Amino acid sequence: MLINSTSISVRFTAAMIGIIFLIIAAFVAFSVAYQFRVLERELQDSLTVAAEVGNISLSTPLWQMNDEFIDHFLQALLLDKRLVWASVLVNDETIAQKASAETAGKSWEFFQANDDFQTHFASIVYEGKIIGQIRLAASRQVMKAKLENAMKFVIVLGGVLFLAIALTSIVVTRQQIVRPLAALIRLASKISDGELEEAAKESLFRAPDNELGRLTKEFYRMTMSLQSMSAVATRIA
């Protein structure tokens, strides 16, 4: 059966589905953007905390030039899989550096220029005096993997919501618009054909309790009135 594109119900349903699609699409975009900001903030916070711990833990060993402790501390920092590179500098010279297997041999400038990494640095202070600096780099790959999983979940959820709301809209449209209009069309068709008795037999007990339903009932009452007037006119004649 061909669908009449000029039908009010078809156009109304199409408009509703279009609006729902835009709302769901906006929801998905907002959710992904929000999740990205949350993950980016978490990554930055992890770098900040690691730098603060480094300042507290390394101040005395750095002052005493305890290279073994500094190496072990940097290695411990990399147990956090998000951190891939760490170094300690004194007078702009690197005295200790640790890196993951994937970033071995990379420089600080490489991490700063690469969008796949987030960097952070902080001063190491001993008795109120800056004695060195700790530099850290974290990979965004873990964050991207989490964001990808979140995107998949949000897209699937958005698709399910879209289908559910769209189907509900179609059902409601059929019950609240299509059926009352169909009843009106049947009544009008029978009246125009002079079939008042047949028009009076139309069942309207399922007419919805809205404007279209009330209009249909009033149309039915008009049909009954016309039938009565026709019967009276027939008896007089």
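The structure reproduced in this document is the subject of the present report. Values in this document were obtained by computation on a predicted structure and should not be read as measured data.

### Some remarks on the nonpolar core
Part 1 of the reasoning: Within the largest apolar cluster, 23 residues are counted, with the highest numbers of intra-cluster contacts made by Leu-74, Leu-77, Val-88, Ile-134 and Leu-136.
Part 2 of the reasoning: Contributing elements (two or more residues each) for this core: helix H1 (8–63), helix H2 (67–77), strand S1 (83–90), strand S3 (117–126) and strand S4 (129–139).
Part 3 of the reasoning: Here this core takes six residues from H1, the largest share from any one element.
Part 4 of the reasoning: Leaving out residues up to four positions away in the same chain, Leu-136 has contacts with Leu-47, Ala-50, Ala-51, Leu-77, Trp-85, Ala-86, Trp-108, Gln-118, Thr-119 and His-120.
Part 5 of the reasoning: Counting residues in hydrophobic clusters, the runner-up holds nine residues, among them Ile-20, Ile-24, Val-32 and Leu-147.

### Description of empty space enclosed by the protein
Part 1 of the reasoning: On inspection of all chains with the given rule, the structure shows one cavity of 30 Å³ or more.
Part 2 of the reasoning: Taken as a whole, the largest cavity encloses approximately 70 Å³ of empty space.
Part 3 of the reasoning: Lining the largest cavity, in full, are Leu-39, Glu-42, Leu-43, Arg-82, Val-142, Met-143 and Lys-146.
Part 4 of the reasoning: Every element with two or more residues in the lining of the largest cavity is listed here: H1 and helix H4 (141–192).

### Section: the side chain of Ser-59
Part 1 of the reasoning: Secondary-structure assignment places Ser-59 in helix H1.
Part 2 of the reasoning: Other than its neighbours up to four places away in sequence, Ser-59 contacts Gly-54, Ile-124, Val-125, Tyr-126 and Ile-131.

### What about a nonpolar patch on the surface?
Part 1 of the reasoning: On the surface, a nonpolar cluster with roughly 430 Å² of combined accessible area is contributed by Phe-27, Phe-153, Leu-157, Leu-161 and Ile-165.
Part 2 of the reasoning: With four residues, H4 is the largest single contributor of residues to the nonpolar patch.
Part 3 of the reasoning: For Leu-157, a relative accessible area of 34% puts it in the partly exposed group.

The rules behind each value
Residue positions are given per chain, counting from 1 as you read along its sequence in written order. Local features in a predicted model are, by the rule used here, given only for residues with pLDDT of at least 70; side-chain atom pairs are given and counted only at 80 or more, and totals for whole chains, interfaces and linings are based on all residues. With hydrogens and water set aside, each side-chain value is computed from the structure's full complement of heavy atoms. Residues enter a nonpolar core if they are buried and are Ala, Val, Leu, Ile, Met, Phe, Trp, Tyr or Cys, with the set joined through side-chain atoms within 4.5 Å. Each residue is assigned to one of three classes by its accessible area relative to the maximum for its type, calculated with a 1.4 Å probe on protein chains only: buried under 20%, partly exposed between the two thresholds, exposed over 50%. In DSSP terms, a helix is any run of H or I states spanning at least four residues, a strand is any run of E spanning at least two, and both are numbered starting from the N terminus. Only heavy atoms matter for contacts: two residues are in contact if any of them lie within 4.5 Å across the pair. Only protein atoms enter the 1 Å grid, on which a cavity is a set of points fitting a 1.4 Å probe that cannot get out and a pocket is an open set with protein on both sides within 12 Å along at least 5 of 7 lines, lining residues being those with an atom within 4 Å of a point. Grid points are joined across faces, edges and corners, and a volume is the space filled by probe spheres set on the points. Surface patches are drawn from residues lacking salt bridges whose relative accessible area is over 30%; two like charges belong together within 9 Å, two nonpolar side chains (Val, Leu, Ile, Met, Phe, Trp, Tyr) within 5 Å. To measure how exposed things are, a 1.4 Å probe is used in the Shrake-Rupley method; for residues, cover is taken only from the protein chains shown. For this document, the term salt bridge refers to a Lys or Arg side-chain nitrogen within 4 Å of an Asp or Glu carboxyl oxygen.

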